[in-house]
Number of protein chains: 2
Amino acid sequence: MGNTVGEFRKKLKIADIKGGPDGGLDRVGQTLVVMGWVRTLRVQSSVTFLEVNDGSCLSNMQCVMNSDAEGYDQVESGLIATGASIWVQGTLVASQGAKQKVELKVDKVVVVGQSDPSYPIQKKRVSREFLRTKAHLRPRTNTFGAVARVRNALAYATHKFFQENGFVWISSPIITASDCEGAGEQFCVTTLIPSSREATDSPVRAIPNTKDGLIDWSQDFFGKPAFLTVSGQLNAETYATALSDVYTFGPTFRAENSNTTRHLAEFWMIEPELAFADLNDDTACATAYLQYVVRHVLDNCKEDMEFFNTWIEKGIIDRLNDVAEKDFVQLPYTDAIELLLKAKKKFEFPLKWGCDLQSEHERYITEEAFNGCPVIIRDYPKACNWRSRHSICGKMMMGGL
Amino acid sequence: MGNTVGEFRKKLKIADIKGGPDGGLDRVGQTLVVMGWVRTLRVQSSVTFLEVNDGSCLSNMQCVMNSDAEGYDQVESGLIATGASIWVQGTLVASQGAKQKVELKVDKVVVVGQSDPSYPIQKKRVSREFLRTKAHLRPRTNTFGAVARVRNALAYATHKFFQENGFVWISSPIITASDCEGAGEQFCVTTLIPSSREATDSPVRAIPNTKDGLIDWSQDFFGKPAFLTVSGQLNAETYATALSDVYTFGPTFRAENSNTTRHLAEFWMIEPELAFADLNDDTACATAYLQYVVRHVLDNCKEDMEFFNTWIEKGIIDRLNDVAEKDFVQLPYTDAIELLLKAKKKFEFPLKWGCDLQSEHERYITEEAFNGCPVIIRDYPKACNWRSRHSICGKMMMGGL
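So, here is what we can say about the structure in this document. As the structure is a prediction and not an experimental result, all values here were calculated from the model.

Points about the pairing of strand β13 (residues 329-332) of chain B
Item 1. Where strand β1 (residues 3-4) of chain A meets β13 of chain B, two bridges bridge the pair, whose relative direction is antiparallel. Pairing of Asn3 of chain A across the sheet is with Gln330 of chain B, part of β13 of chain B.
Item 2. Across four bridges, β13 of chain B lies against strand β14 (residues 375-378) of chain B in parallel orientation. Residue pairing for β14 of chain B: Gln330 of chain B is matched across the bridge by Ile376 of chain B.

Quick look at the structure:
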């Protein structure tokens, strides 16, 4: 009684086929199966072109079909249209097109999920505001697909870097009673409010209260007020003083109503904590980490980064190459101020010793004074927080990453 | 102006020294530095033994010190005691003790952080309830250190498995308005309640309300009720139908007041979503994943697993070896019921077709009927949820992992 579970095999993806050094020519002649979503369909007199994307890379697989292919009637009946999910079997052949080295000569096509002309993401460009209203489909666009793949590469490179350097990953608590020394405004986490998604039936009088009209926290889930973490730092510190080098990498929350590209209510944060280390070790670690992940993305997400470089932020690849290859500079705060005061440049925000630096100052330092080298400014006066800063990184986040 | 950031180098840890196949003998004669925390100090007439742990592994480095070592006066003055953090330099020599192959003959010791006899974690065993009151120090105990290292290994192996198999990691939203088809009770996330950590100043009347006495959600942070995620599945599905194979691995929350070892208010959950796959692909993936991470932990956390096997749950290594090596069995629900009804065993919970299985039934199937092979029960009747089950895995979670 009972059967053995079958063997698990990695699926062959379009990235595997086209991602080699010769763009797939090494597989010419092989019978392959591609499964993915139709990006475009062009029916010409003698031949039909299907562009199929499976999300493993930005590139589509061009599938070329004659009317004698098995399942061709589904093209004629309209079942295969932009947005349809299909299974295609064919022979890989060298392509005559300039855009790709190989294409699939189709023997058989099967529709897994059909589509129709109302499918909202057709070939023409659509705005991000429009895509916000079709959130379930936007991962199928070039931009969101590329962001997902690059984000995935950055996350995995983060784990690889710290693991290879002997750090232990710590999952610090998300629900907490600690405000981590006031790192930010906190969200309250509670079961005291009747938790229905209908906004109309949450009467305030249903919230448990004491005879003084105060919220009765003893009746809340944890018996006292609880919040979303603003930082895992204090937890990480207790582990660093036991396991030596640790890092957190998890979601973090700030209830600050700032609508800028640098503020988010929810974001994933990396917090390395080094034991038996000083500020020099810390900057060396931060530098090595940034260079590692940037190099990883440039090496592993070439096509996606070229897409960003062309369509989202021109020059991003050059700037990231600077981060990966140039020596990072560390500059004491006082020297940075001196350098900025001497600069032959008019800044919007006036500057004096003791001020926090603005983006324009950071950009001047990295882009003009140090010619694209990332700069870490250290030894801040106590009045400012100590922070490591390099506007290249700020730019990187603005480049859709 | 400005200096280049120094090179980052991986720290040499006790695990690196003692972790090799010959227990460190290959490094005998080398001058090494160990940094860590004093577990015990034994002052004998001619020599002093310091057991130092740096959290990289369960093992301590035995440091042997004569009174002529630089810094020995700190032993005499009591600065070096259990719990102190120290920097030790010495020569690695073969050890005459039976417990280790090498020890460090100390040339110099520096106290980084002193301790005193009030340090609460002395050599004698302490209860977990006691450690709960010293949460900032418990990562320094054998149990919590081993749990942290094994948890880290499981998390990294999880990423490695999915990344090596072409899956894309998705960070599904933590704050959400979706209840994921009622997967569990939700926590409410809000800024409407005055967010002070002082339980005494949260007046109910300060919560914004409408003239009907209802909570005015339009004044909340997101302008409507928001909750902590109970599952990222729906998000993962939208990405799977664009990127093919994806997984989530992030914190998940259930506001269910069940105080069992199988229920947590906050836990990290892994949700793979496969495109163009059926139930056979799914069970094959789950099986391959479990075998991969279990093998990874058995190979990379030997010492910690032996500690669990001796002190926390006898037999855990054998059971995990079964998971890693034996073929998984898949059994239709109806066959499982038939097998249980025929069993010459009296169950506490009576059984009939349509019932959900209890732990005792799962244990009988895996441990007796299939002799330790993990079993996946599939094709549940619609009345039960479809679930993959194997009590080995439940046991694993109970083994302190």
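Some remarks on the sheet that holds strand β12 (residues 266-274) of chain A
Within a sheet, neighbouring strands are paired by backbone hydrogen bonds and run either parallel or antiparallel to one another.
Residue and element names in this part refer to chain A.
Item 1. Spatially, three strands are ordered β7-β11-β12 in an open sheet, and the strand pairing comes out mixed. The two strands at the open ends of the sheet, each matched to only one other strand, are β7 (168-170) and β12. Going from strand to strand, the sheet's axes swing by 25° on average, the running direction of each strand aside.
Item 2. As paired strands, strand β11 (residues 245-253) and β12 are joined by nine bridges and run antiparallel to one another.

Brief notes about the packing of helix α4 (residues 142-164) of chain B against helix α6 (residues 279-300) of chain B
Residue and element names in this part refer to chain B.
Item 1. Orientation of α4 relative to α6, taken along the N-to-C sense of each, is 135°, at an axis distance of 9 Å. As far as their axial angle goes, α6 and α4 are oblique. Pair α4 / α6 crosses with right-handed handedness. When α4 is examined against α6, the residues Val150, Ala153, Leu154, Ala157, Thr158, Lys160, Phe161, Phe162 and Glu164 are found in contact with a partner set consisting of Cys285, Ala288, Tyr289, Tyr292, Val293, His296 and Val297.
Item 2. Per-class residue counts for the contact of α4 with α6 are 12 nonpolar, two polar and two charged.

Examining the relation of the copies chain B and chain A
Item 1. The operation relating chain B to chain A is a screw motion whose rotation component is 180°, with 0.0 Å of axial translation and a residual RMSD of 0.0 Å. The relationship between the two copies is best expressed as a two-fold rotation axis. Closest to the rotation axis within chain B is the C-alpha of Val189 of chain B, separated from it by 2.4 Å.
Item 2. The share of interface residues of chain B whose copies in chain A are also at the interface is 100%, consistent with both copies meeting through the same surface.

Details of the side chain of Asn165 of chain B
Item 1. Positionally, Asn165 of chain B belongs in the loop between α4 and β7 (168-170).
Item 2. With a relative accessible area of 14%, Asn165 of chain B lands in the buried category.
Item 3. Not counting residues up to four positions away in its chain, the partners in contact with Asn165 of chain B are Phe8 and Lys10 of chain A.

What to know about the sheet that holds strand β12 (residues 266-274) of chain B
All names here are of chain B.
Item 1. Taken together, the three strands give an open sheet; going across it, the order is β7-β11-β12, and neighbouring strands pair in mixed fashion. The open sheet is flanked by β7 and β12, the only strands paired with a single partner. Put simply, the sheet's adjacent strands are angled 25° from each other on average, direction ignored.
Item 2. Where helix α5 (residues 233-243) meets the sheet, it contacts β7, β11 (245-253) and β12, and its direction lies at approximately 165° from that of β11.

Regarding helix α6 (residues 279-300) of chain A
Residues and elements named next belong to chain A.
Item 1. When the terminal C-alpha atoms of α6 are compared, their 31 Å separation across 22 residues agrees well with the 32 Å that a helix rising 1.5 Å per residue should span.
Item 2. Buried within α6 are the following residues: Thr283, Ala284, Cys285, Thr287, Ala288, Tyr289, Leu290, Val293, Val294, His296, Val297 and Leu298.
Item 3. Backbone nitrogen of Asn280 and a side-chain oxygen of the N-cap are separated by 3.0 Å at the start of α6; the cap is Asp278.

Thoughts on unusual backbone geometry
All names here are of chain A.
Item 1. Of note, the phi angle at Phe276 is positive, near 50°, even though the residue is not glycine.
Item 2. Locating Phe276 in the fold gives a position in the loop between β12 and α6.
Item 3. For Phe276, a relative accessible area of 22% puts it in the partly exposed group.
Item 4. A positive phi angle, near 55°, is found at Asp379, a position not held by glycine.

Some details on the state of the cysteines
Item 1. Taken as a whole, this structure holds zero disulfides over all chains when the rule is applied.
Item 2. Here Cys301 of chain A stays unpaired: no disulfide links it, and the sulfur of Cys57 of chain A, its closest cysteine neighbor, is 11 Å away.

Calculation notes
- Residues numbered from 1 in each chain as written.
- Chains lettered and ligands numbered in written order.
- Predicted model: local features only at pLDDT ≥ 70, side-chain atom pairs only at ≥ 80, totals over all residues.
- Heavy atoms only, no water.
- Pairing = 2+ DSSP bridges.
- Helix = DSSP H or I, 4+ residues; strand = E, 2+ residues; numbered from the N terminus.
- Axes fitted to C-alpha atoms, helices over the stretch in contact; angles between N-to-C directions.
- Parallel < 35°, antiparallel > 145°, perpendicular 65-115°, else oblique.
- Left-handed = near helix turned anticlockwise from the far one by under 90°.
- Contact = heavy atoms within 4.5 Å.
- Nonpolar A, V, L, I, M, F, W, Y, C, P; charged D, E, K, R; others polar.
- Least-squares fit on C-alpha atoms with pLDDT ≥ 70 in both.
- Buried < 20%, exposed > 50% of the residue type's maximum accessible area, 1.4 Å probe, protein only.
- Expected span 1.5 Å × (residues − 1).
- Polar contact = N/O pair within 3.5 Å; in protein donor to acceptor, adjacent residues only side chain to side chain.
- Disulfide = S-S within 2.5 Å.

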